[in-house]
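Chain by chain, the residues run as shown.
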Amino acid sequence: MSARSLEINRRKVWILESGSGAPLLYLHGFADVHSVKETWLPFHEQLALSARVIAPAHPGCAQSDENPDIDVIEDVIFHYLEVLDALKLDSFDLVGHGVGGWIAAELAARHPEKIRKLVLIGASGLFVEGALIGDVFMNAQPEFGSSYASLREMLFSSANQANALEMFPDGKGELEDEVRRYQMLRLSSRIGFKPPYFYNRPLRNRLHRITSPALVIWGEKDGFVPRSHGEAYAELIPHSGALKVIAGVGHSAHVEKPEELAKLVSDFLAK
Amino acid sequence: MRPVQLFCWHFMAYPYLDKDFDKSGHSGWVTVPNKLWDNNKARGLYQEYIDQLALADDLGFDGMVLNEHHQNIYGLMPSPNLIASALTQCTSRGKIVILGNLLPLHLNPMRVAEEYAMLDQMSHGRLIAGFAPGGGPETFNYDVPSANTREKFWEAADLIVRSWTDDGPFTHEGRYFPLRYVNLWPKPLQQPFPPVWIPGSRSPSTMTEVAKRGYCYFLSSRSHGGETQRAQQEFAQVLEKHGDSYHPFRFGILMSTYVAETDQQARDECEEGVWYFLKNCLKGHLRKEGRQLTYGPGVPYIPAAAWREYMKGYTPGRKLLGDVENWEELEASQSIIVGSPETVARRIGALIEKAKVGNLLIQFQLGNMPDRLARKSMKLFADKVAPILRHDSLKQFTKEFPAMNVDQATPAVH
């Protein structure tokens with residue numbers, strides 16, 4: 001694994017990279033590398049067995065510099081266009097989880113020619129009437145001064161399983177994990193707090209531009225982005241198969257069933 | 001030189017919750033169901049509260065204090081300017097302090113500039129203009145993204161003051177509030193502009209911004225241990241760094257009190273109101289019970305580096321003011337001072353002495369405290385406590401700040 005920072009437009013972008021083969025750009029969500037953990041989760045390690053996995057930290061996350069001029073998702077998309085230029089990536093597989101999935105869908109709708117294959121996992125970004133994306137910010141405010149049970153409930157299939165408790169412990173966790181969680185919420189607050197809440201209404205009418213094959217994956221019990229969003233993505237992206245639902249997991253399928261998910265993604269990319 | 005300035009602060013709580021609210025209600029803030037509002041009981045409530053503020057003016061308090069809250073039972077003033085407007089008509093002497101309008105919640109800061117200018121004219125120059133950024137609950141009230149709240153806040157505050165002082169029309173080319181024609185009618189009466197107060201919770205950046213502009217710093221804490229004294233010292237240092245010097249009227253604090261004939265009588269009379277305030281009004285704000293909306297990673301308004309520093313000293317699940325369980329713990333918090341005139345004068349006097357604070361913003365009506373008791377406490381305070389505090393503080397300030405002349409000692413220093 002290599003870790004490095006690129007200087008892009010006078011700001012530092014922090015990047016992890018592993019494996020060899022076709023380039024796979026991974027965009028992180030909550031409960032993920034860069035947004036909690038300093039390094040790969042088992043899911044990413046398994047992906048790196050068959051691809052060159054490149055995972056930049058979003059602006060302001062982990063060791064990437066913050067950009068106070070980011071107000072809307074469009075600003076993040078332009079940031080990533082510069083990252084792609086700097087990495088000289090003009091044809092690659094794109095995998096995104098949660099907010100990272102939103103960024104991936106937006107990128108693919110704007111630059112379909114750059115994307116070889118697209119994988120969205122529990123991606124926010126769409127407006128689906130009557131199916132609100134959950135309030136991760138209010139749930140990130142502790143109950144009884146120290147409990148993050150309702151946040152875990154939102155991001156995992158249940159609040160008290162070990163992997164959820166490990167990533168979002170009650171009380172005070174590892175200091176740097178705490179800071180990374182905070183940074184992810186701070187970036188999210190810029191682009192996802194003010195209504196539109198983690199979505200961009202015009203995106204729905206742009207998805208038809210995507211030309212690559214796409215795989216849309218959802219945790220059966222996703223408590224953050226309702227499953228109907230996954231159904232909408234699968235329906236609106238022209239070359240997407242049916243929504244693939246992973247049984248028994250919540251929003252963080254990559255944490256809860258890393259092997260099953262990694263195999264699903266790797267098999268799809270290898271096809 | 002002038003003595004400590006004593007202000008009467010009213011929060012205008014919703015006082016009609018059932019006795020079991022703390023058991024059945026998850027929070028008093030943001031999500032507290034508005035079906036609990038009872039028109040049969042609440043009719044006339046605003047008049048009762050406004051009359052208490054008018055009484056403060058009659059009793060010779062130096063001013064009345066209002067502030068802005070939304071969607072809670074702690075403070076029923078989504079628009080403090082409306083109450084201030086009423087006060088311009090039923091009071092004649094005291095300052096009208098609005099601490100403050102929550103600028104990031106306003107679509108256009110000019111609305112605040114205009115209403116404050118109107119209030120200054122309507123009150124014959126009695127307005128003290130507070131600007132506040134809002135905190136955690138307000139983020140959720142109006143869906144204000146946290147990450148750039150502070151920048152938005154200072155841009156709005158500076159635009160408002162510029163609209164009061166610069167000739168219009170001028171163009172404001174701001175990041176958040178660009179406006180082509182800024183041309184304020186009416187202008188405020190006080191020249192060059194009304195005194196500006198800014199609340200903060202000891203963050204060095206807020207103190208610095210306040211010092212740079214020559215405003216008054218108000219410590220937004222309800223408890224007064226060593227931190228209050230430290231805040232005063234820190235602010236004094238920041239002022240020095242900016243070529244300014246501290247005096248007591250650059251600094252303000254909030255406290256609550258209840259005064260009765262004896263210590264025991266005071267406790268007996270205010271007990272219900274005090275505990276209603278602590279357990280109901282603070283739930284969701286300064287209690288760990290329920291969901292704590294005021295501080296936390298879900299309202300990420302400070303930079304990550306500042307959050308790291310904050311987390312280093314953070315103890316999860318620590319007791320907040322509303323978590324106190326008995327009178328002894330409450331006394332130790334130095335937040336609500338309850339007792340006979342002698343006790344209250346002694347305890348508040350000690351606080352002024354240590355914190356060298358010239359603006360004391362005092363809450364009398366707490367929770368569901370009946371009108372009769374709130375008024376009695378205010379009168380006793382005005383008759384028996386205020387004269388002692390004024391006498392002692394005048395002596396102290398004269399001795400400790402000999403270089404300060406009276407003109408500079410008004411709260412309006414620019």
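These numbers come from a predicted model, not from an experiment.

> What is the right way to look at the overall build of chain B in this model?
Counting its regular elements, chain B contains 14 helices and 11 strands. Counting only C-alpha atoms and orienting by the principal axes, one finds that chain B spans roughly 60 × 50 × 45 Å. Per-residue burial for chain B yields a buried fraction of 58% across its 414 residues. Across chain B, every contact between residues at least 6 apart in sequence was considered, and the portion connecting residues at least 24 apart equals 78%. In the form shown here, chain B has an accessible surface area of approximately 16,700 Å², with 51% of it arising from carbon and sulfur atoms. The centroid of the 45 positive side-chain charges in chain B is displaced by 3 Å from the centroid of its 46 negative side-chain charges.

> Could you clarify how one ought to interpret the nonpolar core in this entry?
Looking at soluble globular proteins, one finds that nonpolar side chains tend to be buried together. Ranked by size, the top nonpolar core spans 232 residues in total, and within it A:Y233, B:F131, B:W164 and B:F381 carry the most contacts. Looking at this core element by element, the count peaks at 10 residues for helix 14 (residues 371–400) of chain B.

> Any chance you could explain the pairing of strand 7 (residues 214–219) of chain A here in plain terms?
Residues and elements named next belong to chain A. Within strand 7, six of the six residues are buried, which leaves it mostly tucked inside the rest of the structure. In strand 7, alternate side chains face the same way, and those of A214, V216 and W218 on one face and L215, I217 and G219 on the other are all buried. With four bridges connecting them, strand 6 (residues 115–121) and strand 7 associate as parallel partners. Paired with L118 across the bridge in strand 7 is A214. Where strand 7 and strand 8 (residues 244–246) come together, three bridges link them in parallel fashion. Looking at strand 8, one finds that I217 is bridged to K244. With helix 8 (residues 227–236) bridging strand 7 and the parallel strand 8, this β-α-β connection has right-handed handedness.

> Can you help me understand the confidence of the model for chain B in this one?
Residues and elements named next belong to chain B. On average, residues of chain B carry a pLDDT of 95, and 98% of them reach 70 or more. Low pLDDT, under 50, characterises residues 408–414; the stretch is placed with 21 contacts to residues that sit more than four places away or in other chains. Among the scores for the predicted complex, ipTM is 0.96 and pTM is 0.95.

> How do you make sense of helix 5 (residues 109–122) of chain B when you look at a structure like this?
Residue pairs three or four apart in sequence face the same way in an α-helix, which turns once every 3.6 residues. Residue and element names in this part refer to chain B. For helix 5, spanning 14 residues, the distance from its first C-alpha to its last is 20 Å, which sits close to the expected 20 Å at 1.5 Å a residue. All buried positions along helix 5 are accounted for by P109, M110, V112, A113, Y116, A117, L119 and D120. Where helix 5 is buried, its residues touch helix 4 (80–90), strand 3 (95–102), strand 4 (127–132), helix 7 (149–165) and strand 6 (179–182). The backbone nitrogen of M110 has a side-chain oxygen 2.9 Å away, supplied by the residue at the start of helix 5, namely N108. After helix 5 finishes, the residue H124 shows a positive phi value of roughly 55°.

> Help me understand the packing of aromatic side chains in this model?
Each aromatic ring pair is summarised here by two numbers: the centre-to-centre distance and the angle between the ring planes. Tallied over the entire structure, the rule returns 38 aromatic pairs over all chains. Residues B:F364 and B:F381 carry aromatic rings whose centres are separated by 5.2 Å and whose planes lie at 75° to one another, so their mutual orientation is edge-to-face. One end of the pair, B:F364, is in the loop between strand 11 (359–363) and helix 14; the other, B:F381, is in helix 14, with 17 residues separating them in the sequence. Grouping residues by exposure puts B:F364 and B:F381 together as buried. Through successive ring pairs, a cluster of aromatic residues spans A:F30, A:F137, A:F193, A:Y197, A:F198, A:F224 and B:F140. Directly above the aromatic system of A:F127 lies the positively charged group of A:R201, at a separation of 3.9 Å from the ring centroid. Seen from the ring of B:F170, B:R162 lies directly overhead, with NZ or CZ sitting 3.7 Å from the centre.

Cut-offs and rules
- Residues numbered from 1 in each chain as written.
- Chains lettered and ligands numbered in written order.
- Predicted model: local features only at pLDDT ≥ 70, side-chain atom pairs only at ≥ 80, totals over all residues.
- Heavy atoms only, no water.
- Helix = DSSP H or I, 4+ residues; strand = E, 2+ residues; numbered from the N terminus.
- Buried < 20%, exposed > 50% of the residue type's maximum accessible area, 1.4 Å probe, protein only.
- Contact = heavy atoms within 4.5 Å.
- Areas by Shrake-Rupley, 256 points an atom, 1.4 Å probe, with all protein chains shown as cover.
- Lys, Arg positive; Asp, Glu negative; His and termini not counted.
- Charge placed at Lys NZ, Arg CZ, Asp CG, Glu CD.
- Core = buried A, V, L, I, M, F, W, Y, C linked by side-chain atoms within 4.5 Å.
- Pairing = 2+ DSSP bridges.
- Right-handed = clockwise from strand over helix to strand, strands pointing away.
- pLDDT = per-residue confidence, 0-100.
- Expected span 1.5 Å × (residues − 1).
- Polar contact = N/O pair within 3.5 Å; in protein donor to acceptor, adjacent residues only side chain to side chain.
- Phe/Tyr/Trp six-rings, centres within 6.5 Å; stacked < 30°, edge-to-face > 60°.
- Lys NZ or Arg CZ within 6 Å of the ring centre and 35° of its normal.

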